[in-house]
Structure formats: C-alpha cells, structure tokens
Amino acid sequence: MKGGLVVDRGFIYEEEKHLTVLKTSLFFANDGFTVYDCKGQLVFRVDSYGPDTRDIGEVVLMDAHGRCLLTVRKKRPSLHQRWEGYLGERTEGQKPVFSVRRSSIIRRCSVAVEVYRNPGEEYQIEGSFASRCCTILNAEKESVAEIRRKVDVSTNVVLGKDVFSLCLKPGFDGAFAMGLVLVLDQINGDDYVEYGAEVYPTADE
C-alpha cells in the first residue's frame, strides 16, 4: 500500500499498529483524548476543548511531549460540515493540507477526505463513528485505518465507547489518522447537540 499524507514520519509504522484511544472527559460532547500504544506508552494527546477554550471549532493534536503536530479547524462559512487540517499549530494565513467533508454516495453516507498537496489522493471514511465502527479507505478502496470497539482480552468483554482502538495499516501516518478521528468526534458531537442523536447526512456540499 502506498503511503498517504505525512504529518510526522515518526508515526509511520512498518507493521500494523494498534493504538488505544481514550476520551478523557464526559462533561461535554467534545473533550480531550489520550492515545496509547500496546505497551501503555503515551503516543498522542489532545487537551480538553470544551466551551471554555478560545475556539471550540479548532483542535490541536500533540505528541506525548506536548509538541503540536496537527491542527484541525472547522471552516466557516460552510453549507455543510467541512473541516481543514494544518501542519503544526495553525497560524494566520497558513494554508491547509487536507479537508474533510460529509458526503453521500449512492444511498451510502460517508465522510470524504481530500489532500491538497497531492492531486488524486483522497479517502472515504465509511461506517458509524458513534458506534466506534468505521474504516478509512484510500482511492483504491484499500483500508488504511480502522476504528473499532475495544475488547478486554482478559475477560473478552467489549468496553464502553469512550475507549476504542485505532488500527493503522503499514505505511499510513498515525498522526494523520488521529487528526481524522478528531474531526469525526466533532461531527458526531455536533449531531448530538443539534439533534439529540446520530444523524446521517443526505446531501453533498
């Protein structure tokens, strides 16, 4: 599989990688995250971005040491939910490197990802993030990452939705994948706030 957008080469793995993603608060629809590898080492973190932050439409992904890797920001104005991703901590005038928007394709609703610096590089995210069951597919319809419910191997019990797995295929940047997770969480939170339940879109932007 060919690699996609590179946010940080330190998070590209030669073998399939399974990360554990933990939402760190239940007070708001969209709060922080911590992400761990299979050894329990911190890989990524996102501090709380509830109503008290300076911009609830902007989220920063950091590594374990607090270094800013990626900023995702809701585009305004936008007829439908569209988010854009910026390398590092976004600055005024900086151009985004990718965008994410909701779409519908022949009765199946999904999320479309476009990479600006590489024409033809695009992804579809299919499934239900609210159920923690979705797949990121490249233009060749190959799975590059998956979001799954987390299972406690010792008891074979499925854990709650605030703990889930992010499974990365070899060569796909984990920081980019986690940036997409942040956008999905924001979209799902918007649905909850606006409608009180998960709602699938039916129209393109």
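Given the structure is predicted, the values throughout are model-derived calculations rather than measurements. (Residues numbered from 1 in each chain as written. Predicted model: local features only at pLDDT ≥ 70, side-chain atom pairs only at ≥ 80, totals over all residues. Heavy atoms only, no water.)

A. Main features of the nonpolar core. Counting 45 residues, the largest nonpolar core has Phe 44, Leu 61, Phe 98, Leu 166, Phe 176 and Met 178 as the members making the most contacts within it. A total of 10 residues in this core trace back to one element, the largest contributor, which is helix H1 (residues 174-195). If we ignore the near neighbours within four places in the chain, the residues touching Met 178 are Val 21, Phe 33, Val 35, Phe 44, Leu 61 and Leu 166. (Core = buried A, V, L, I, M, F, W, Y, C linked by side-chain atoms within 4.5 Å. Buried < 20%, exposed > 50% of the residue type's maximum accessible area, 1.4 Å probe, protein only. Helix = DSSP H or I, 4+ residues; strand = E, 2+ residues; numbered from the N terminus. Contact = heavy atoms within 4.5 Å.)

B. Looking closely at the packing of aromatic side chains. Enumeration according to the criterion identifies six aromatic pairs in this entry. An aromatic cluster is defined as three or more aromatic residues linked by ring pairs; in this entry it consists of Phe 98, Tyr 123, Phe 172 and Phe 176. Residue placement shows Lys 17 over the ring face of Tyr 13; its charged tip is 4.8 Å from the ring centre. The ring of Phe 129 has Arg 132 lying over it, and the distance from NZ or CZ to the ring centre is 4.4 Å. (Phe/Tyr/Trp six-rings, centres within 6.5 Å; stacked < 30°, edge-to-face > 60°. Lys NZ or Arg CZ within 6 Å of the ring centre and 35° of its normal.)

C. The arrangement of the side chain of Arg 132 in detail. Tracing the backbone through its elements, the reader meets Arg 132 in the loop between strand S9 (122-128) and strand S10 (133-137). In this structure Arg 132 is buried but unpaired, with Asp 162 as the nearest side chain of opposite charge at 4.7 Å. A polar contact of 2.8 Å, which involves the side chain of Arg 132, links it to the backbone oxygen of Phe 129. Beyond its immediate sequence surroundings of up to four residues, Arg 132 is in contact with Lys 23, Ile 147, Arg 148, Arg 149, Lys 161 and Phe 164. (Lys, Arg positive; Asp, Glu negative; His and termini not counted. Salt bridge = Lys/Arg side-chain N within 4 Å of Asp/Glu carboxyl O. Polar contact = N/O pair within 3.5 Å; in protein donor to acceptor, adjacent residues only side chain to side chain.)

D. Inspection of the pattern of salt bridges at higher detail. Under the defined criterion, the tally for this structure stands at seven salt bridges. Across the salt bridge formed by Asp 8 and Arg 67, the nearest N and O atoms sit 2.8 Å from each other. In this pair, Asp 8 is assigned in the segment before strand S1 (17-23) and Arg 67 in the loop between strand S4 (58-63) and strand S5 (68-74), connecting sequence segments 59 residues apart. A relative accessible area of 42% places Arg 67 in the partly exposed class. Salt-bridge contacts for Glu 58 lead to Arg 73; the nearest nitrogen and oxygen are separated by 2.7 Å. Linking Glu 58 in strand S4 with Arg 73 in strand S5, this pair joins segments that are 15 residues apart in sequence.

E. Region of the structure containing the pairing of S5. Strand direction decides the pairing type here: S4 and S5, joined by five bridges, are antiparallel. Across the sheet, Val 60 pairs through a bridge with Thr 71, a residue of S5. The turn joining S4 and S5, which pair antiparallel and follow one another in sequence, is formed by four residues; a positive phi near 85° is taken by Gly 66. In the sheet, S5 pairs with strand S6 (residues 82-87) via five bridges, with the strands oriented antiparallel. Across the sheet, Arg 73 pairs through a bridge with Glu 84, a residue of S6. (Pairing = 2+ DSSP bridges.)

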